[in-house]
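So you can see what is in the structure, the chains are spelled out below.
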Amino acid sequence: MMTKTIIFDYDGTIHHTLGIYEPAFRETYQWLTEQKVTEEREIGSVEIAGWLGLNSKEMWNTFLPELDQSYKEQASRMVGDLMVRQIRKHKAVWYPGAEEMLTALKNRGYHLVILSNCKASYREAHWKEFGMERWFDHFYDCESYGFRPKTEIVQEIIREYTGPYLVVGDRRQDLECARACKMDVDVTKAPNHTECIRCGMCIRACPTGAVSFRYGFGDGKDKEKAAEAPRKNQNNKEEQNI
């Protein structure tokens, strides 16, 4: 069956984010050192780029987990505000060929949507700056959904738009979770797919812990055993629909 809806990540996939993120982060980090709440150290561009794709809470919990929560929140706001200023100054750029690619897909009749771990103000600034309504039906930002994981927010997209679906992103984690499935089910797009046999392979493969047991295996603590084989019923037959 032909794909009908394409779900794009934004930062690092369409938008060359580091150009506005790195200076915003460095200015914010300098402020934190001036407040004497963290020690100054050298931070390379590669390390900074590694945070792209994380939502703001995940980023600061990864970078400075010991930092007081109030400073994390202030720093997050500062980075966000600085980036929005850069967008409004026309400093944000898309990767070469992005517009042409999106136009071609739109002309072929695909529904195009964005799913990003960004804030609402960031989404609004980009939508206006690039006139994104020319290509996209909707831009989903994680702040509007309480910074829930993408694997949960994507269910909103599935309810709104017709499948099958294709997800386009730049993060290794997106692919690892999907490729682990024996039944060729992409759990990042359809975690409750009717063909899922609850073998647990996607849980073992997921490097972030975003995929977890909910039904069929109790609390899911015995992941090794669950991943070895599907659960069996009283007649010793594998259950396909748990």
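It should be noted that the structure appears before, not after, this text.
About the thresholds
Residues numbered from 1 in each chain as written. Predicted model: local features only at pLDDT ≥ 70, side-chain atom pairs only at ≥ 80, totals over all residues. Heavy atoms only, no water. Helix = DSSP H or I, 4+ residues; strand = E, 2+ residues; numbered from the N terminus. Buried < 20%, exposed > 50% of the residue type's maximum accessible area, 1.4 Å probe, protein only. Contact = heavy atoms within 4.5 Å. Areas by Shrake-Rupley, 256 points an atom, 1.4 Å probe, with all protein chains shown as cover. Phe/Tyr/Trp six-rings, centres within 6.5 Å; stacked < 30°, edge-to-face > 60°. Disulfide = S-S within 2.5 Å. Axes fitted to C-alpha atoms, helices over the stretch in contact; angles between N-to-C directions. Parallel < 35°, antiparallel > 145°, perpendicular 65-115°, else oblique. Left-handed = near helix turned anticlockwise from the far one by under 90°. Nonpolar A, V, L, I, M, F, W, Y, C, P; charged D, E, K, R; others polar. Pairing = 2+ DSSP bridges.

Caption draft 1: Summary view of the overall build of the protein chain. The helix and strand tally for the protein chain stands at 10 helices and 4 strands. Element order for the protein chain, N to C, with α for helix and β for strand: β-α-α-α-α-α-β-α-β-α-β-α-α-α. Put simply, the protein chain has 242 residues, and 42% of those count as buried. In the protein chain, the share of contacts with a sequence separation of at least 24, taken over all contacts with a separation of at least 6, comes to 67%. Surface summary for the protein chain: the accessible area is close to 13,900 Å², and the carbon and sulfur share equals 47%.

Caption draft 2: Spotlight on the packing of aromatic side chains. Applying the stated criterion across every chain yields a total of 15 aromatic pairs. Seen in terms of ring centroids, Trp31 and Tyr71 are 6.0 Å apart; in terms of plane orientation they differ by 45 degrees. Their pairing is tilted. Here Trp31, found in helix H1 (residues 18-34), pairs with Tyr71, found in helix H4 (residues 69-88); they are 40 residues apart in sequence, far enough to count as distant. Tyr71 sits in the partly exposed class, given a relative accessible area of 24%. Between Trp51 and Phe63, the aromatic rings sit 4.8 Å apart at their centres with planes inclined by 55 degrees, giving tilted as the arrangement.

Caption draft 3: A look at the state of the cysteines. Inspection of the entire model under this criterion finds 0 disulfides. With no disulfide partner, Cys118 has as its closest neighbouring cysteine sulfur the one in Cys142, 6.4 Å distant. Classification of Cys118 as buried rests on a relative accessible area of 5%.

Caption draft 4: Seen up close, the packing of helix H3 (residues 56-63) against H4. Packing of H3 against H4 brings their axes to within 10 Å, and their N-to-C directions diverge by 120 degrees. On the basis of their axis angle, the class for H3 and H4 is oblique. Considering only the axes of H3 and H4, their crossing is right-handed. Residues Ser56, Trp60 and Asn61 of H3 pack against Lys72, Ala75, Ser76 and Val79 of H4. Residues that form the contact of H3 with H4 fall into these classes: 3 nonpolar, 3 polar and 1 charged.

Caption draft 5: Highlighting the pairing of strand E3 (residues 138-141). Bridge analysis of strand E2 (residues 111-116) against E3 gives 4 bridges, and the strand direction is parallel. Directly across from Ser116, in E3, lies its bridge partner Asp141.

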